[in-house]
Amino acid sequence: MNELASVDWSRAQFALTAIYHFLFVPLTLGLSFIIAIMETIYVATNDHAWKKITQFWMGLFAINFAIGVATGLIMEFEFGTNWANYAWFVGDIFGAPLAIEGILAFFMESTFFAVMFFGWNKVGPKFHLLSTWLVAVGSNLSAFWILVANGWMQYPIGMHFNPASARNEMENFFDVVFSPVAIAKFLHTVSSGYVIGALFVIGISAWFLLKNREVLFAKRSLVVGASFGLLTSLFLTISGDESAYQVAQHQPVKLAAMEGLYKGESRAGIIAFGILNPDKRLGDDAHEFLGDIELPYMLSLLGYRNVDAFVGGLEDLVYGNAAHGLPSAQERIDSGKIALKALSDFRAAKAQNDTEAMKTHEAILQAHMKDFGYGYFEKPEQIVPPIALSFYSFHIMVSLGMWFIVLFALTLFFTLKRDVQTQKPLLYAALWSIPLGYIAAEAGWIVAEVGRQPWAIQDLMPTHMAATHLGSGNIALSFSLFALLFTALLIAEIKIMLKQIAIGPNGGH
Amino acid sequence: MRLLLWVFHFYKDGFMHLSLGKTLWKILFVKLLIMVVVFKLFFFSTTLNTRFSNDDERSDFVLENLTKEKK
């Protein structure tokens with residue numbers, strides 16, 4: 001297996017693992033809060049119908065949790081074997097949040113998870129309720145630490161590179177934890193999980209109404225699901241706006257790819273709908289789109305909170321735009337090569353125990369460290385991510401997000417009007433929107449991760465330099481086995497869930 | 001001691017009265033077995049920690065990768 005193939009297989013394997021893992025995670029994040037709200041209503045009203053409602057959704061939550069738990073463990077294995085350069089280079093910055101996540105996940109979630117499931121007749125209702133809330137909070141706190149680690153990869157901050165150890169060392173824990181990128185990423189990711197949880201609840205409730213079964217259960221679930229969904233989908237829009245703002249500040253190439261923006265402009269519009277021209281290349285005069293509908297000024301507003309602001313296009317960011325203070329990628333490549341040479345020289349000086357030379361080379365390295373990763377590229381065009389995948393994923397995510405707001409608003413309106421059971425098209429739409437939630441969430445991750453290519457760590461480490469192939473096993477074979485295992489788990493989850501849903505809330509669990 | 005006994009019985013009774021949960025535990029067990037035994041053992045057994053005995057060697061390996069000239 002040559003080096004390129006090894007890197008590509010490692011990337012494919014990681015993408016597959018992450019995509020499957022994120023099929024299980026968002027439902028845990030969202031459904032846990034919906035269950036906690038339902039149980040709160042039960043404890044507040046002592047109405048046993050609410051207890052049955054809570055227990056039904058808790059059963060589905062358990063199926064998802066049990067099948068999905070530990071699927072993320074494989075990513076840890078992959079970091080160690082396939083991405084050892086990366087794992088070493090990030091040092092304790094990546095390790096600390098993941099360690100905190102592990103401890104929290106183990107102690108908080110698993111302890112209170114047991115009380116939630118085994119404790120209905122063993123502990124008081126208030127303690128049980130507290131446990132349910134703590135499971136929800138614990139799951140979301142776990143997500144927080146994972147997203148702090150991911151946020152750092154998108155916007156490395158709060159660290160210092162030590163050339164002697166080849167590791168980044170944390171200088172300020174709070175800079176890492178409260179990085180604006182990490183916070184925006186956390187809020188946007190968990191709120192997408194809340195929306196998926198709400199879609200799941202209203203979709204299944206709609207199915208019961210279409211079957212004219214468990215009507216009281218379904219309507220009550222719809223009220224909670226649609227209210228929670230409407231609030232969180234509105235919040236998803238706000239957190240998405242903040243995420244896009246952070247992308248504009250720290251990953252402008254990603255923003256340009258997301259919008260198919262080749263030539264930068266002031267008062268830039270956002271593409272509401274567009275078909276990219278597949279023949280368009282950087283620097284040519286072909287039009288970017290075969291057809292598009294643009295909302296004027298919106299991209300400048302989104303990216304810089306100013307309708308007059310200039311938004312750099314791919315050509316400005318690759319070839320530079322002095323008028324707007326944008327350096328060319330070539331300038332950064334040259335600077336990166338100085339940093340790489342300084343690291344090599346530092347290493348040679350260290351081998352000779354020449355401390356003076358080490359100091360000199362380290363000073364040069366640190367002066368050019370912000371461009372370190374660019375040193376691995378030969379052509380400026382190499383910094384451009386896959387444009388079509390970033391663009392379409394972004395627009396699919398945004399379009400579905402808008403649809404979910406409409407769906408939740410209509411569902412809540414007709415449920416409160418006590419007329420929802422007659423709205424058959426709406427009920428079918430709710431049912432068929434369950435998979436759309438997952439498509440939107442996965443599209444969001446594709447924007448985040450494909451859009452930041454070619455970087456594993458923004459500006460510091462390109463993906464191809466992050467990879468190693470330490471293991472003796474064949475990556476293509478392990479990729480196939482992963483695909484098989486995860487697909488089997490997904491089929492098992494869907495089959496068990498469908499069986500449990502068919503039994504309904506009065507069939508016990 | 002009483003608390004520990006209570007916790008023990010809490011878990012014991014909980015697991016004994018599982019219905020759907022038994023299927024889920026079986027899936028969980030098989031999944032972890034495949035992940036930890038098959039994947040870890042056959043595909044991901046080698047890491048910097050297992051290949052090298054100290055941090056200096058690990059640093060050297062990564063520095064070598066980061067600074068090697070393109071052929």
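Residues numbered from 1 in each chain as written. Chains lettered and ligands numbered in written order. Predicted model: local features only at pLDDT ≥ 70, side-chain atom pairs only at ≥ 80, totals over all residues. Heavy atoms only, no water.

Moving on, we get to the overall build of chain B. Counting its regular elements, chain B contains four helices and zero strands. Order of helices (α) and strands (β) in chain B, N terminus to C terminus: α-α-α-α. In terms of overall dimensions, chain B has C-alpha extents of about 65 × 30 × 15 Å along its principal axes. Each of the 71 residues in chain B was classed as buried or not, and the buried ones make up 35%. When the accessible surface of chain B is split by element, carbon and sulfur atoms take 66% of a total near 5100 Å². (Helix = DSSP H or I, 4+ residues; strand = E, 2+ residues; numbered from the N terminus. Buried < 20%, exposed > 50% of the residue type's maximum accessible area, 1.4 Å probe, protein only. Areas by Shrake-Rupley, 256 points an atom, 1.4 Å probe, with all protein chains shown as cover.)

The grouping of A:Leu73, B:Phe29, B:Val30, B:Leu32, B:Leu33, B:Val36, B:Val37, B:Val38, B:Leu41 and B:Phe42 at the surface amounts to a nonpolar patch, some 850 Å² of accessible area in total. The element that contributes the greatest number of residues to the nonpolar patch is helix α2 (residues 20-42) of chain B, accounting for nine residues. With respect to the helices and strands, B:Leu41 occurs in helix α2. (Patch = residues over 30% accessible without salt bridge, like charges linked within 9 Å, V, L, I, M, F, W, Y side chains within 5 Å. Salt bridge = Lys/Arg side-chain N within 4 Å of Asp/Glu carboxyl O.)

Now for the side chain of B:Asn65. Note that B:Asn65 resides in helix α4 (residues 55-67). Once you skip the residues sitting within four places of it in the chain, B:Asn65 turns out to touch A:Asn85, A:Met465 and A:Thr468. (Contact = heavy atoms within 4.5 Å.)

Bringing the packing of aromatic side chains into the picture now. In this structure the tally under the stated criterion is 39 aromatic pairs over all chains. Each ring, one from A:Phe113 and one from A:Phe117, has its centre 4.6 Å from the other, and the planes form 40 degrees; the classification is tilted. Of this pair, A:Phe113 and A:Phe117 are both found in helix α5 (residues 91-118), four residues apart, which corresponds to roughly one turn of the helix. An aromatic cluster of at least three residues, connected via ring pairs, comprises A:Tyr20, A:Phe77, A:Phe482, A:Phe486, B:Phe39, B:Phe43 and B:Phe44. In this arrangement the basic side chain of A:Arg167 is found over the ring face of A:Trp88, its NZ or CZ atom lying 3.9 Å from the centre. (Phe/Tyr/Trp six-rings, centres within 6.5 Å; stacked < 30°, edge-to-face > 60°. Lys NZ or Arg CZ within 6 Å of the ring centre and 35° of its normal.)

What follows is about the interface of chain B and chain A. The interface of chain B with chain A comprises 40 residues on the first partner and 56 residues on the second. Buried area between chain B and chain A, summed over both chains or domains, comes out near 4000 Å², and the portion from carbon and sulfur atoms is 73%. Of all residues in chain B, the largest losses of buried area upon contact with chain A belong to B:Phe43, B:Phe44 and B:Leu66, amounting jointly to 18% of the total for that side. Across the chain B-chain A interface, the total number found is one salt bridge. (Buried area = accessible area lost by both parts, 1.4 Å probe.)

Before going further, it helps to spend a moment on unusual backbone geometry. Residue and element names in this part refer to chain A. In this structure, the amide linkage connecting Gln453 to the following residue, Pro454, adopts the cis form with an omega of 15 degrees. Residue placement: Pro454 occurs in the loop between α16 (424-450) and β7 (455-457). Of note in this structure, Tyr297 is not a glycine but carries a positive phi near 70 degrees. Topologically, Tyr297 is positioned in the loop between β5 (289-295) and α11 (298-304). Residue Tyr297 is classed as partly exposed on the basis of its relative accessible area of 40%. Backbone geometry places Arg305, a non-glycine residue, at a positive phi of 60 degrees. Structurally, the position occupied by Arg305 is in the loop between α11 and β6 (310-311).

Moving on to helix α14 (residues 355-368) of chain A. Residues and elements named next belong to chain A. If you check α14, its first and last C-alpha atoms are 20 Å apart, about what 14 residues at 1.5 Å a residue would give, namely 20 Å. Along α14, the residues classified as buried are Ala357, Met358, His361 and Leu365. Here the buried residues of α14 occupy an arc of 100 degrees about the axis, which is enough to place them on one side. Facing away from the buried side of α14 by more than 90 degrees, the exposed set consists of Glu356, Lys359 and Ala367. Buried residues along α14 sit in contact with β1 (159-162) and α13 (329-351). (Expected span 1.5 Å × (residues − 1). Arc of directions from axis to C-beta.)

This paragraph deals with the packing of helix α8 (residues 180-210) of chain A against α16(A). All names here are of chain A. Orientation of α8 relative to α16, taken along the N-to-C sense of each, is 160 degrees, at an axis distance of 8 Å. Between α8 and α16, the angle is such that the two are roughly antiparallel. Our pair here, α8 against α16, has a crossing hand that is left-handed. Across from Lys185, Thr189, Ile196, Leu199, Phe200, Ile202, Gly203, Ile204, Ala206, Trp207, Leu209 and Leu210 in α8, the residues of α16 making contact are Lys424, Leu427, Tyr428, Ala430, Leu431, Ser433, Ile434, Gly437, Tyr438, Ala441, Trp445 and Ala448. Of the residues in the contact of α8 with α16, the class split is 18 nonpolar, four polar and two charged. (Axes fitted to C-alpha atoms, helices over the stretch in contact; angles between N-to-C directions. Parallel < 35°, antiparallel > 145°, perpendicular 65-115°, else oblique. Left-handed = near helix turned anticlockwise from the far one by under 90°. Nonpolar A, V, L, I, M, F, W, Y, C, P; charged D, E, K, R; others polar.)

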